[in-house]
Amino acid sequence: MIQYALRRLATSVIVILGVSVITFVLLHGMAGSPGRAILGVQASPGAVAAFEHEHGYDRSIAVQYLSYLGDLLHGDLGYSYKLNQSVNALVAENAGRTALLSAVALILAIGIAVPLGVFQAVKRGGIGDTVLTTLTFVAYSMPVFLLAMLLIQVFAMGLGVLPAQASQSSSAFVIFTDPRAMLLPVLTLTGVTVALFSRYQRSAALDQLAQDYITVARSKGLSMRMVLTRHLLRNACAPLVTLIGMSIPLLLAGNLVVESVFNYPGLGLLFFNALNNQDYPVLLGYTLIAATLTVLGNLVADLLVAVTDPRTRRA
């Protein structure tokens, strides 16, 4: 198990380094002249040249990357000249709100998707299963921004019962202090995640219903409810562990759209604004954080699966 964990950890480090190289090169190519992008079109050529020389932007891209990598190893994500703040400070300021939004949406999605998927499996082919399958397919195929706009149209513009904009509070716990203003962003992110989780949960529950131990348990006189809660649910939820780790990119992408649509001050909105302002240090920092979270999520999922199923350690 230790060898497997070390092997997976080494692979994760290589992937993160690869992402950092690719992202750095792509952003460097998009930026053209970093000094011009930072100082603006009104800056004189002399001022741009002096700025790039002072900050090392006139050196080769390989030298610039090695310098950036050295800063990363010391925990320095760079400096945003557009916002006049370090990227570390910007991440620390906004990460809490995004993390809590993702956590609440993930917990709600699991709490809804697990019983929903099991119900669909038990009622396979019935009216309830057909209706729920149709709804989840529609929700899964629907772009996040479209779902957000539909919710705004119905609950904010139509019924007028919820605000169209998320709370602008700087508190990371705004979901609990102002739940009314945060309900639409949470519903949007939860809805997309439920659609994905419930499909996997239904398939896993169907596989378990076909196993012999279910038949044996029923033959012993156990009620269907007891069989589901004591036996099937524990085994059917195992694939969900892997799915949760793999869902981190979905949550990050969802956060980007949700925070932009609802004007919620988090990492997603920070990235969106940086994209519009050509704030490349922020873009690079966010991309590396997203890649690291994605890789770590998959690493934790792989390790948990390896603990529960030793056969996977040979992979």
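For the structure given in this document, a descriptive report is provided here. Just so it is clear, the model here is predicted, and its values are computed rather than measured.

**Focus on the overall build of the chain**
Of the regular secondary structure elements, the chain holds 15 helices and two strands. The principal-axis extent of the C-alpha atoms belonging to the chain is close to 85 × 55 × 30 Å. Taken across its 315 residues, the chain has 39% of its residues classed as buried. Counted over contacts in the chain with a minimum sequence separation of 6, partners at least 24 positions apart contribute 69%. Per element, the accessible surface of the chain, about 16600 Å² overall, is 68% carbon and sulfur. In the chain, the 19 positive side-chain charges and the 14 negative ones have mean positions that sit 19 Å from each other.

**Description of the nonpolar core**
If you look at the biggest cluster of nonpolar residues, it comprises 35 residues, and the most contacted ones within it are Leu 101, Ile 175, Met 182, Phe 197 and Phe 262. Put simply, the parts of the chain that give this core at least two residues each are helix H5 (87-122), helix H7 (144-158), helix H8 (174-177), helix H9 (179-209), helix H12 (238-246) and helix H13 (248-261). Tallying contributions element by element places H5 first for this core, with nine residues. Excluding anything up to four places from it in sequence, Ile 175 contacts Leu 100, Leu 101, Val 104, Met 182 and Val 186. Of all hydrophobic cores here, the second largest spans 21 residues; its members include Leu 252, Leu 270, Ala 274 and Ala 290.

**Observations concerning the packing of aromatic side chains**
All chains considered together, the criterion is met by five aromatic pairs. Between Phe 24 and Tyr 65, the aromatic rings sit 5.6 Å apart at their centres with planes inclined by 70°, giving edge-to-face as the arrangement. Taken together, the residues span a long stretch of sequence, with Phe 24 in helix H1 (residues 2-31) and Tyr 65 in helix H4 (residues 61-73) at a distance of 41 residues. Summarising the burial analysis for this pair, Phe 24 and Tyr 65 share the class buried. Between the aromatic rings of Phe 271 and Tyr 286, the centroid separation amounts to 4.6 Å while the plane-to-plane angle is 35°, which identifies the pairing as tilted. Here Phe 271, found in helix H14 (residues 267-277), pairs with Tyr 286, found in helix H15 (residues 280-308); they are 15 residues apart in sequence, far enough to count as distant. Assigned by exposure class, Phe 271 and Tyr 286 land together as buried. Put simply, the rings of Phe 24, Tyr 65 and Tyr 68 touch in pairs and so form one group of aromatic residues.

**Some thoughts on a nonpolar patch on the surface**
Together, Ile 2, Leu 6, Leu 9, Val 13 and Leu 17 make up an exposed nonpolar region whose accessible area comes to about 480 Å². Note on placement: Leu 17 falls in helix H1. When its relative accessible area of 39% is taken as the criterion, Leu 17 is described as partly exposed.

**Quick look at the pattern of salt bridges**
Applying the stated criterion across every chain yields a total of one salt bridge. Between Arg 202 and Asp 129 there is a salt bridge whose closest N-O contact spans 2.9 Å. Of this pair, Arg 202 sits in helix H9 while Asp 129 sits in helix H6 (residues 127-141), and the two are 73 residues apart along the sequence. In this pair, the class of Arg 202 matches that of Asp 129, namely buried.

**Notes on the side chain of Ser 167**
Relative to the assigned elements, Ser 167 resides in the loop between H7 and H8. In terms of polar contacts, Ser 167 uses its side chain to reach the backbone amide nitrogen of Ser 169, at 3.2 Å. Those residues in contact with Ser 167 that sit more than four places away from it in its chain are Val 174, Asp 178, Ala 181, Met 182, Tyr 264 and Pro 265.

**What about the packing of H9 against helix H11 (residues 224-236)?**
Contact geometry for H9 and H11: axes closest at 10 Å, N-to-C directions at 115°. Classed by the angle they form, the pair H9 and H11 counts as roughly perpendicular. Here H9 and H11 pass one another in a crossing that is right-handed. Between H9, through Gln 201, Ala 204, Ala 205, Gln 208 and Leu 209, and H11, the contact on the second element is made entirely by Met 224, Leu 232, Asn 235 and Ala 236. Split by residue class, the contact of H9 with H11 holds six nonpolar, three polar and no charged.

Parameters and conventions
- Residues numbered from 1 in each chain as written.
- Predicted model: local features only at pLDDT ≥ 70, side-chain atom pairs only at ≥ 80, totals over all residues.
- Heavy atoms only, no water.
- Helix = DSSP H or I, 4+ residues; strand = E, 2+ residues; numbered from the N terminus.
- Buried < 20%, exposed > 50% of the residue type's maximum accessible area, 1.4 Å probe, protein only.
- Contact = heavy atoms within 4.5 Å.
- Areas by Shrake-Rupley, 256 points an atom, 1.4 Å probe, with all protein chains shown as cover.
- Lys, Arg positive; Asp, Glu negative; His and termini not counted.
- Charge placed at Lys NZ, Arg CZ, Asp CG, Glu CD.
- Core = buried A, V, L, I, M, F, W, Y, C linked by side-chain atoms within 4.5 Å.
- Phe/Tyr/Trp six-rings, centres within 6.5 Å; stacked < 30°, edge-to-face > 60°.
- Patch = residues over 30% accessible without salt bridge, like charges linked within 9 Å, V, L, I, M, F, W, Y side chains within 5 Å.
- Salt bridge = Lys/Arg side-chain N within 4 Å of Asp/Glu carboxyl O.
- Polar contact = N/O pair within 3.5 Å; in protein donor to acceptor, adjacent residues only side chain to side chain.
- Axes fitted to C-alpha atoms, helices over the stretch in contact; angles between N-to-C directions.
- Parallel < 35°, antiparallel > 145°, perpendicular 65-115°, else oblique.
- Left-handed = near helix turned anticlockwise from the far one by under 90°.
- Nonpolar A, V, L, I, M, F, W, Y, C, P; charged D, E, K, R; others polar.

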